[in-house]
Amino acid sequence: MEKKLMKGCEAIGEAAICAGARLFFGYPITPQNEIPEYLSSRMPQVGGTFVQAESEVAASNMLYGASGAGKRVITSSSSPGISLMGEALSYMAGAELPAVIVSIMRAGPGLGGILPSQSDYFQATKGGGHGDYRVMVLAPETVQEAVDHTIKAFDYADKYRNPVIILADGILGQMMEPVTFPEPVRPEDLPEKPWATTGAKGRERNIVNSLYLNPDVLEERNWQLVKKYEAMREDVEFDTYHLDDEVDVMIVAYGTVARIARTAVDTMREQGMRVGLFRPVTVYPFPSDALAEAADKAGAVLTSELSTGQMLEDVKAAIAGKRPVEFFGRVGGNLMAPEEIVEQVTALMERQGRSVA
Amino acid sequence: MEKKLMKGCEAIGEAAICAGARLFFGYPITPQNEIPEYLSSRMPQVGGTFVQAESEVAASNMLYGASGAGKRVITSSSSPGISLMGEALSYMAGAELPAVIVSIMRAGPGLGGILPSQSDYFQATKGGGHGDYRVMVLAPETVQEAVDHTIKAFDYADKYRNPVIILADGILGQMMEPVTFPEPVRPEDLPEKPWATTGAKGRERNIVNSLYLNPDVLEERNWQLVKKYEAMREDVEFDTYHLDDEVDVMIVAYGTVARIARTAVDTMREQGMRVGLFRPVTVYPFPSDALAEAADKAGAVLTSELSTGQMLEDVKAAIAGKRPVEFFGRVGGNLMAPEEIVEQVTALMERQGRSVA
Amino acid sequence: MQSEIILAGFGGQGVLLIGKLIALAGMDDNREVTWMPAYGPEMRGGTCNCTVVVGDKKIGSPISKRPHHLIALNLPSLDKFEDEVRPGGIIVTNTSLINRRPKRDDIKLVEVPANAIAIEAGSPRAANMVALGAFAAASGLVTLEGLIDVLDKNLAKNPKLAEINRVAVSRGYELGRAGA
Amino acid sequence: MQSEIILAGFGGQGVLLIGKLIALAGMDDNREVTWMPAYGPEMRGGTCNCTVVVGDKKIGSPISKRPHHLIALNLPSLDKFEDEVRPGGIIVTNTSLINRRPKRDDIKLVEVPANAIAIEAGSPRAANMVALGAFAAASGLVTLEGLIDVLDKNLAKNPKLAEINRVAVSRGYELGRAGA
């Protein structure tokens, strides 16, 4: 397979094609415009359709409609735009429709800024929309992973009949790295979706809906959805770095921050410090069990994010008071340097009364 | 003060008038239509304005505009409608604009049903919109409290320059109970808002915005907002019932479920069971410290909600593994009967090896 | 002591109103009260009901799966709620529209030909008031004076209707007392 | 061993392109590479920069506050990044547009009149290629052949431009080797 040097955004676009998606609906917003830009020229080349909708609300409802018709569909946006998709996301989850949503986070709240951020973690993992729904959330840290996750996202979306979010930031979107793509799937070779509204010729009509006025029926559906969300645990993913043996501090970070933390770990390991990294790859389902297990071998935990402390809540929940969990965040579009993480870990070790080698 | 028998929705509407709000923007959705219905006739009587917007997106942005002009403003909606307000909520938090949003939860996800629910707890407390913002969330359980909370919500919104959500369900909205109202505030007697865009005659112009392209400036603002959210803890509210002495099981519930749980506690107390109730009144800020303290005197904790387990995460976080925390939820629009809570508590006590008197 | 009452009939029979009158009379009596209408899918098909709770301490659930009492203005209401009434409770049935007796023998039955009496009182629409009066007498939960007082306040602008309702609720009260 | 290089100039000078060529040559050499453009407010005011990282193991941060090397095509770029370069690193300056020497004396300085040489090579727009060649020679991070190879691949459709760039990068390479 040929290696290409590609921008994250464009690689995500190509990966969607590769996964057999032929429909993109979206509305422009920095810093993810390279995705619609790429697909606006690429979709027609493969017989697909690119629609710039009149708003993110419209784009997300087009997603609902096209998904209901059984097609692999994708949209992408950034923070304010994703907020406008909250209602449709809940509707898709309620109607059990597969769809892929690429959320390239920028600094908030409000208009905020256009620089990288991870402050839409709550929105993605706890549900920006209403109701008891969850979406699977994949958080790639490299362009290759962005490609792999996008392809997987379509598979997971179909497997679970549920929206899947790719959660990344402007760094991953703008960065170029070498990538390879698997053999593309032809849309016509994808498994059939017997539930889709494809024109009810010769069969019972299918209904795609999320309205259940009978509370007993809706309650039953709600608990079925919970079972589905729990089943997603079988696809939980995480990554560890220097966590085979006991460590004094375990850093927990995802996406871009995990990369920075890895550099910091290298620096500290060179200095003889016992430090490792736990990286959630799926942030919903969150790798709570694996994290709790890893924490058993750590003196303390440092959660580092580009937010004021969102994943932190899931980390604390997983560790359930068994280890001290501290936090280091940079926000507003600023990134932490590896050196800052080294400083934080050193300070934490000193507070814990551990000697810094 | 004269006692009136009023529906929750209408009482909330009257309370808004009482607090000096003269602007309502909204879009109809069951089961909260009695709020706009009431205010559509009541607002003109007090020289106010009622606008039925073309959508919830529009209504929430009208809220932003009118709040920026320094007025006390209110909207109300139910689950799908609140989802459509996520972007504007984040913008208001980012621009530090006060506003009151009444969220009368219905069963979800998607269209779901119109019956009572508490499944938008995450959306309200973790932020349905993007970015590191928080809104204060008050969860009344009686019509009188709905009145008091609505009035307080305007005060908190102004105090913190932040949106405040009244989080309730169709039971509270539809139920009638006796209420009294305090002396109404005249809008012209409210403290001035020196930051508002009221026409810059004879002063520097004010700017209401959430855009900060310089990451250092935005980061500084983000941390200032965090301080503000932390300061909200001084207004944290909760309620306890039969928790003065040690209990075998402490129930945690809010809103309508807290009422049902109180009936269950009465039943169990009559049977000699050592059971009490902890009711968060503000669900953001969440009364974590008080709850943790109360848990110290409890054998186990049962969280009960009309959701598949949302407040549960905050309860677990507060208790941090020190006590077993179990869950009992009903969803889809169904309520639990007090007898079901009794059953759940009894089973929990047996699992904990405590004798049921 | 807390009393939970379900009031049920078809839409237009005025069960929500008589529920509200009980709540108002209870409120005037300085008791705790809640009034909760069924809404949502239950409202469909023309049936209509509400739950009123009257008590001496803060009321928990405003709805009840085990009400103490039932006022059933039509047959589907009796069919739906009969089994839920607690033993010893009162069931008021409107015999003008209900052609069977409750199967329960552990309740106190108050049968009133509410529509017939309402017509005598001056309006067929006052059947709900007859049932209300009968329930008040049989339960002692609210007084006739209390009910007439809230009726007068609520219908101050329509003295003619107030008079019809006064007569209807009083006739119902007599029947309820006699049946007790 | 990992090298972090900041390439900076004003918009239109082609720093993003020469960054990409280093990354491509590194990739062809089976090394780990990242290319990261500055975006957002940094892009304003006509300055433009990117960070390229080339290494032998998985690359952490794709941006660097302590780059090993700097290629500065104009004065504001030198002003902005000079202090960040690690001791012992290379700073390539375009003396056609930069009228001062770096203040640092703990770095390896490679001065090239990039614009002048580019004009000689056939196009004033090839100044970036001259700087690229000089950097390659001074750092040894990528080979001249590797660069020419990726240039040819990238400009296969425009052989004339490819030729100009080949000349420019080669002239830069000679200068960089001489300066080393």
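Here the structure is a predicted model, which means the values were calculated and not measured.

Calculation notes
- Residues numbered from 1 in each chain as written.
- Chains lettered and ligands numbered in written order.
- Predicted model: local features only at pLDDT ≥ 70, side-chain atom pairs only at ≥ 80, totals over all residues.
- Heavy atoms only, no water.
- Domains from an automatic or database assignment.
- Contact = heavy atoms within 4.5 Å.
- Buried area = accessible area lost by both parts, 1.4 Å probe.
- Salt bridge = Lys/Arg side-chain N within 4 Å of Asp/Glu carboxyl O.
- Least-squares fit on C-alpha atoms with pLDDT ≥ 70 in both.
- Pairing = 2+ DSSP bridges.
- Helix = DSSP H or I, 4+ residues; strand = E, 2+ residues; numbered from the N terminus.
- Axes fitted to C-alpha atoms, helices over the stretch in contact; angles between N-to-C directions.
- Polar contact = N/O pair within 3.5 Å; in protein donor to acceptor, adjacent residues only side chain to side chain.
- Nonpolar A, V, L, I, M, F, W, Y, C, P; charged D, E, K, R; others polar.

Novice: When you look at the domain arrangement of chain A in this model, what are you seeing that I'm missing?
Specialist: Where interface size is quoted, it is often the accessible area lost as the parts come together. Residue and element names in this part refer to chain A. Looking at the assigned domains, one finds that chain A contains domain 1 (4–200 + 207–234) and domain 2 (237–351). Computed from C-alpha coordinates alone, the two centres of domain 1 and domain 2 are separated by 28 Å. Contact residues are listed per partner, giving 34 residues for domain 1 and 28 residues for domain 2. When domain 1 packs against domain 2, close to 2600 Å² is buried across both sides, 49% of that on carbon and sulfur atoms. When the buried area of domain 1 at its contact with domain 2 is split by residue, Gln118, Tyr121 and Glu141 rank highest and sum to 31% of it. The tally of links from domain 1 across to domain 2 stands at six salt bridges. With its nearest N and O atoms 3.1 Å apart, the salt bridge here joins arginine 262 to glutamate 141.

Novice: Would you mind going over the relation of the copies chain B and chain A with me for this structure?
Specialist: Comparison of the two chain copies shows a relationship of rotation about an axis with a shift along it. Overlay of chain B on chain A (RMSD 0.0 Å): rotation 180°, translation along the axis 0.0 Å. Here the copies are linked by what is in effect a two-fold axis. It is glycine 128 of chain B whose C-alpha, among those of chain B, lies nearest the rotation axis, at 1.8 Å. Interface overlap between copies: 100% of the residues of chain B at the interface are likewise at the interface in chain A, consistent with a symmetric, same-surface contact.

Novice: Explain the sheet that holds strand β3 (residues 49–52) of chain A here, please?
Specialist: Strand pairing within a sheet occurs via backbone hydrogen bonds; the two strands may be parallel or antiparallel. Residues and elements named next belong to chain A. Across the sheet, which stays open at both edges, the seven strands sit in the order β3-β2-β4-β5-β7-β6-β12 with mixed pairing between neighbours. Across the chains shown, the open sheet's two edge strands, defined by having one partner strand only, are β3 and β12 (282–284). Strand-to-strand twist in this sheet, taken as the mean axis angle between neighbours without regard to direction, amounts to 20°. In this structure, strand β2 (residues 23–26) lies alongside β3, joined through four bridges in parallel fashion. The partner of glycine 26 across the bridge, within β3, is glutamine 52. Across the sheet, helix α5 (residues 86–94) is in contact with β5 (99–105) and β7 (163–169); its angle to β7 comes to roughly 140°.

Novice: Please clarify how the interface of chain B and chain A should be interpreted in this entry.
Specialist: Every contact between the two is made by 60 residues of chain B and, on the other side, 60 residues of chain A. Here chain B and chain A share an interface that buries about 4700 Å² over both sides, 57% of which is from carbon and sulfur atoms. Applying the counting rule to chain B against chain A returns six salt bridges. With a shortest N-O distance of 3.1 Å, arginine 134 of chain A and glutamate 313 of chain B are connected by a salt bridge. Summed over the shared surface of chain B and chain A, the number is 40 residue pairs in polar contact (both at pLDDT 80 or more). Residue contributions to the side of chain B that touches chain A peak at eight residues, all from helix α9 (residues 215–231) of chain B. Residue composition of the side of chain B that touches chain A, grouped by class: 22 nonpolar, 28 polar and 10 charged.

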